[in-house]
Amino acid sequence: MPLTFRRLQTSGTDLQQEYHLRDTILRIPLGLVFHLTPEQIRHEESDFHFGLFDSDNLCACVIATPYGPGQYKIRQMAVREDLQQQGLGRQLMLQTEQALRDAGANELTLHARDIATGFYEKLGYLAVGDWFTEVGIPHLKMRKALTD
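In this report, the structure presented in the accompanying data block is examined. Starting afresh in each chain, residues are numbered from 1 along the sequence in its written order. Only residues with pLDDT of at least 70 are given local features in this predicted model, and only at 80 or more are side-chain atom pairs given and counted; all residues enter the totals for whole chains, interfaces and linings. Side-chain metrics rest on all non-hydrogen atoms present in the structure, leaving aside hydrogens and water.

1. A few points about the packing of aromatic side chains
At step 1: Working definition: a ring pair exists when centres of Phe, Tyr or Trp rings (six-membered ring for Trp) sit within 6.5 Å. Plane angles under 30 degrees give stacked, over 60 give edge-to-face, the rest tilted. Counting across every chain of the model gives five aromatic pairs.
At step 2: Geometrically, the ring pair formed by Y120 and Y125 is edge-to-face, given 5.7 Å between the ring centres and 80 degrees between the ring planes.
At step 3: Classification of Y120 by relative accessible area gives buried; the value is 8%.
At step 4: The cut-offs for exposure are 20% and 50% of the maximum accessible area for each residue type, with area from a 1.4 Å probe on protein chains only; residues under the lower value are buried, those over the upper are exposed, and the others partly exposed. Since its relative accessible area comes to 1%, Y125 is described here as buried.
At step 5: Taken together, the ring pairs connect F5, F48, F50 and Y72 into an aromatic cluster.
At step 6: One cation-aromatic arrangement involves R6 over F53; the distance from NZ or CZ to the ring centre is 3.9 Å. Put simply, a charge is over a ring when the Lys NZ or the Arg CZ is close to the ring centre, within 6 Å, and near the line of the ring normal, within 35 degrees.

Structure (structure tokens):
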């Protein structure tokens, strides 16, 4: 299926689809409830929100939060459950990395859930530090230098 990569609009349908996907894939399975508030929307306005779309339907999403010159934290990556294990996560990450590189990024970090560390290692991310617990599950901080 041909998918379109693009930066999401931080309002309207894009935002609603993104929050729904993040909630369904990342929070509900952990028993967490997310309430979308105007404060949450404002907090994420300066972030880069990217997605893969089938027509107007969001299939996968990820957020990149700037935290220093050329540095971004990747977070909240989610792929629709019925589309997992089909390469969408890899496609989304590679296109996100290129978009961030084009925007001047030179380093990405992320907190990988224990079940996702192998995925990120295959994309060139390296573990930094020890395991820690976040949202009740083991995570590992990972980093990748972006080069041309």
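2. Remarks on the pairing of strand β2 (residues 48–54)
At step 1: With respect to burial, β2 is a largely interior element, six of its seven residues being buried.
At step 2: Paired strands, as defined in this entry, are two strands with at least two bridges between them according to DSSP. Numbering of helices and strands starts at the N terminus; helices are DSSP runs of H or I of at least 4 residues and strands are runs of E of at least 2. Here strand β1 (residues 4–7) runs beside β2; their pairing, made up of four bridges, is antiparallel. Across the sheet, the residue bridging to R7 is F50, located in β2.
At step 3: Counted along the chain from β2 to the antiparallel partner strand β3 (residues 57–68), the turn is two residues long, and its residue S55 has a positive phi close to 60 degrees.

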